[in-house]
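Residue-level structure breakdown
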Amino acid sequence: MATKSEVLGNKRKLANRSKDPLSKKPKFDKNQSRREDPEEDVSDGSEISDFSDAEDGGASLSHTKPQNGAKSGDNQSGKVFEKGQNSRESHIKQKQLAQERKSQKPLADELHRTKKLWERLRLKSKVPKEERQKLVEELFSITTGRMKDFTLKHDAVRVVQTAIKYATPERRKMIAKELKGAYPLLAESKYAKFLIGKLLVKGDEEVRDMIVPEFFGRVRKLINHPEASWILDDIYRGIATKEQKAILLREWYGPEFHIFRQTQQGETAPTAELSKILEENPSKRGPTMKYLLDMTNQLIQKKMTGFTMLHDAMYQYYINVKPGSEEAKEYMEMIKEDENGDLLKNMAFTKSGSRLVCLLLAHGTAKDRKQILKTYKDTFQLMSTDPHGHLVILAAYDLIDDSVLTSKSIISELIGKTEQDEASNIVISANDPNARLTIRYPLEGTSKALFDAGRADDLKLLEELWEIRKTTSKKDPETRRKELVTALSPSLLAAIAASPLDLISTSHGSQLVTEALLSCVGDKSEALQAVASTAQGDPNEVEPSDESAIAPVPREHISKAPHGGRMFKTLIAGGHFDKTSRRVIPVDPPLHFADILYPFIKDHIMAWATGPSSFVVVSLLEAEDFSHKDELKGTLKKNKKALEKAATEETPEQKATREAIEADGEEKKATKKKGKKSGPKKEAPVGNMGSKLLLEKLKG
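Residues numbered from 1 in each chain as written. Predicted model: local features only at pLDDT ≥ 70, side-chain atom pairs only at ≥ 80, totals over all residues. Heavy atoms only, no water.

Thoughts on the packing of aromatic side chains
Overall, the coordinates contain nine aromatic pairs when judged by the stated rule. In textbook terms, an aromatic cluster arises when at least three aromatic residues are bridged by ring pairs, as seen for Tyr-317, Tyr-318 and Tyr-331. Over the aromatic face of Phe-140 sits the side chain of Arg-171, whose NZ or CZ is 4.5 Å from the ring centroid. Directly above the ring of Tyr-236 sits Lys-245, whose terminal nitrogen or CZ lies 5.1 Å from the centroid. (Phe/Tyr/Trp six-rings, centres within 6.5 Å; stacked < 30°, edge-to-face > 60°. Lys NZ or Arg CZ within 6 Å of the ring centre and 35° of its normal.)

Considering the pairing of strand β1 (residues 575-578)
Taken together, the four bridges between β1 and strand β2 (residues 583-586) define a ladder with antiparallel strand orientation. Paired with His-576 across the bridge in β2 is Ile-585. Count of turn residues in the β1/β2 antiparallel hairpin: four residues, of which Arg-582 carries a positive phi of about 60°. (Pairing = 2+ DSSP bridges. Helix = DSSP H or I, 4+ residues; strand = E, 2+ residues; numbered from the N terminus.)

Thoughts on the confidence of the model for the protein
Summarising the model, the protein shows a mean pLDDT of 82, and 80% of its residues fall at 70 or more. Confidence drops under a pLDDT of 50 for residues 3-80, and excluding neighbours within four residues, the segment shows 45 contacts in the predicted structure. Considering only residues more than four positions removed or in separate chains, one finds that residues 548-552, a stretch of pLDDT under 50, has two contacts. (pLDDT = per-residue confidence, 0-100. Contact = heavy atoms within 4.5 Å.)

A word on unusual backbone geometry
Following Asp-588, the chain continues into Pro-589 via a peptide bond in cis, with omega recorded as 0°. With respect to the helices and strands, the residue Pro-589 is situated in the loop between β2 and α33 (593-601). Of note in the backbone geometry, Lys-303 takes a positive phi value of approximately 65° without being a glycine. When you line up the elements, Lys-303 lands in the loop between α16 (285-301) and α17 (308-318). Owing to a relative accessible area of 45%, Lys-303 belongs among the partly exposed residues under this scheme. At Asp-378, a position not held by glycine, the phi torsion is positive, near 70°. (Buried < 20%, exposed > 50% of the residue type's maximum accessible area, 1.4 Å probe, protein only.)

Let's talk about the side chain of Glu-444
Of note, Glu-444 is situated in helix α26 (residues 435-444). Of note is the side chain of Glu-444, whose polar atom sits 3.1 Å from the side chain of Ser-447. With sequence-adjacent residues up to four places away left out, Glu-444 is seen in contact with Ala-449, Leu-450 and Glu-515. (Polar contact = N/O pair within 3.5 Å; in protein donor to acceptor, adjacent residues only side chain to side chain.)

Points about helix α13 (residues 228-239)
When the terminal C-alpha atoms of α13 are compared, their 15 Å separation across twelve residues agrees well with the 16 Å that a helix rising 1.5 Å per residue should span. Each element contacted by the buried residues of α13 is listed here: α9 (183-187), α10 (193-202), α12 (219-223), α14 (242-250) and α17. (Expected span 1.5 Å × (residues − 1).)

With respect to the nonpolar core
The biggest cluster of nonpolar side chains holds 173 residues, and the ones touching the most others in it are Ile-196, Phe-215, Trp-252, Phe-568, Phe-593 and Leu-636. In terms of residue count, helix α23 (residues 389-399) provides more of this core than any other element does, eight residues in total. Residues within four places of Ile-196 in sequence aside, it is in contact with Tyr-183, Leu-186, Ala-187, Ile-211, Phe-215, Ile-231 and Ile-235. (Core = buried A, V, L, I, M, F, W, Y, C linked by side-chain atoms within 4.5 Å.)

Examining the packing of α16 against α17
Packing of α16 against α17 leaves a shortest axis separation of 10 Å and a crossing angle of 140°. Looking at the two axes, α16 sits oblique to α17. Two packed elements cross with a definite hand, and for α16 against α17 that hand is left-handed. Counted together, Met-289, Leu-292, Leu-293, Thr-296, Leu-299 and Ile-300 of α16 and Leu-310, Ala-313, Met-314 and Tyr-317 of α17 form the full contact between these two elements. For the contact of α16 with α17, the residue count by class is nine nonpolar, one polar and no charged. (Axes fitted to C-alpha atoms, helices over the stretch in contact; angles between N-to-C directions. Parallel < 35°, antiparallel > 145°, perpendicular 65-115°, else oblique. Left-handed = near helix turned anticlockwise from the far one by under 90°. Nonpolar A, V, L, I, M, F, W, Y, C, P; charged D, E, K, R; others polar.)

Topic: the environment of Leu-632
For Leu-632, the position within the fold is in helix α36 (residues 629-638). Given the relative accessible area of 0%, Leu-632 is considered buried. With 15 residues separating them in the primary sequence, Leu-632 and Val-617 have C-alpha atoms 8.8 Å apart. The residues touching Leu-632, leaving out its near neighbours within four places in the chain, are Tyr-598, Ile-605, Val-617, Leu-620, Leu-621 and Phe-626.

A short note on a nonpolar patch on the surface
Together, Phe-615, Met-689 and Leu-693 line one region of the surface with nonpolar side chains, adding up to about 210 Å² of accessible area. Looking at the element boundaries, Met-689 is found in helix α39 (residues 689-699). (Patch = residues over 30% accessible without salt bridge, like charges linked within 9 Å, V, L, I, M, F, W, Y side chains within 5 Å. Areas by Shrake-Rupley, 256 points an atom, 1.4 Å probe, with all protein chains shown as cover. Salt bridge = Lys/Arg side-chain N within 4 Å of Asp/Glu carboxyl O.)

Focus on the packing of helix α20 (residues 351-363) against α23
Two elements in contact, α20 and α23, have axes whose closest approach is 9 Å; the angle formed by their N-to-C orientations is 15°. By the angle between their directions, the pair α20 and α23 is classed as roughly parallel. In this structure, the crossing between α20 and α23 has a hand that is right-handed. Along the contact surface, α20 presents Ser-354, Arg-355, Val-357, Cys-358, Leu-361 and Ala-362, while α23 presents Leu-391, Val-392, Ala-395, Ala-396 and Leu-399. Among the residues making up the contact of α20 with α23, the classes are represented as nine nonpolar, one polar and one charged.

Spelled out as structure tokens, the structure:
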């Protein structure tokens, strides 16, 4: 007996080699008997027989017989789908049948009417407010009491979303209550999941507390669902309270955590800290860690790696394994083996994910660190502007011993490869709240100017990484920092020389210029000249703006900006002021910026001495390396009256402050109730403080 493959092979062979057309099976064999039967006479005088496919562009059929009373040449009368019908009539009948089937479905009439209302309501700018109110009222009259029926229909759920959009808070609560019990089902719908998001965004805390608990106990199922996983993660990331997030995350630790209950008054809120849970139940460590590993690995294998909840769970796992253990090594390999590096890239943009990447860099080998950096290729610029992603770059600066690898992988991508890109990228980075750290961190370290009170958590993480670095790094931290500064210096100095005005026009830009000129290595002469040239011109005249700008705005002279005065003062001093020793620590080699700046401002030195940046002139007199000190003193003595006037008269800034205080005081006085009288307020100082100091120095 022939095998199945042999039979199939024979069939293919027979079909290919058969040349006899009679040996092939006729394609329309089943309809042959129907063609041979005599057709009924349908020429009843109606217009149906007058239609033909030839007139409509259709093709004639040679097998159709002419109808009774028709000539043999009338074979072009049309393609017959049913007796007496051509293609147009058949299409009309099909549409009628489809409409009849729709009308027989539940809520057919109501659904048809709500769609008409939705079509009108979605035209936001073209519907008057009164008409919209009437349409919304009619919409609610139809859908109230039948919300579930409408939301479970893919073409009707948008109607309910529109109702939520224009509903009052009370009606939104009514919709949320009516849909109670159906939210997990709606989350699995391709279209209805957006309704949950709309309710949570538009609703209040009561609506939130009705919806979120319905996902308790269903995390494992929903996080693996292609539709429900995204709405579940959105709820976890941006809507749920701290307690609700803890309940959702605990379900990653095992089936026993699926049993939940809301915390009653006086009870301790549930925690999602795995370390605390394992401390209370040390015997459950094995099953809990295995369950957590299986859930995370399942999502990684499915390429569903963009969830904040997943990154939080992964972080909890890693901080509860012993560094250097087999568990830790296997976890590192699992993350590295992800194809295309999507997991690592997604992790960099969440809080827990970025911290996990930092720990992987800290505990990993040189080979692991190199592979992680390779994964982030062409992503560093985007990471630098992210609130969490920039931490990965700072960690790489502190942890990777191979500074050449760091400069080629990170610094070259952040700054750019051409001079034009370098200048524009540095200007943009200098004014971005996160990207500026990736440029200035090697120059300044953890200064308060970079790490204010709002970045306390970031600083705490870096300190943790420094402790780990003591056991995993062989290079001295200061040596590593200097090597990074050396790699940054050429690009920073070139950008300052090319675009000084763009950089010093903002406070953060001028801070970068100051730190770069003090800390960078190499030839700084061009950069110093470029910065000094921005001070030229009369401070009392408004400088013309860039003509290429879309909306030109007059550029204020740099001496009028507080950050400009601070920058020039620091550069003239030639170093930072040390609070411990109470003196300026000069840089080596010295900048000699006083001699570079003076030729640009000497023609308008009195405008500087009596203006907002008068302390720049004070710094010139105090500078030990200033070679034109006698000339400057002579100019100031000739214009002593102008200094005295500036020292005694109210400055524009002081006047604006006084008027604001007086206006505020009158408002408080009008609303103030009778009570204890407050003591006399200290009078604000009047006059230019820098001009006063200059007069004292001239006396001495």
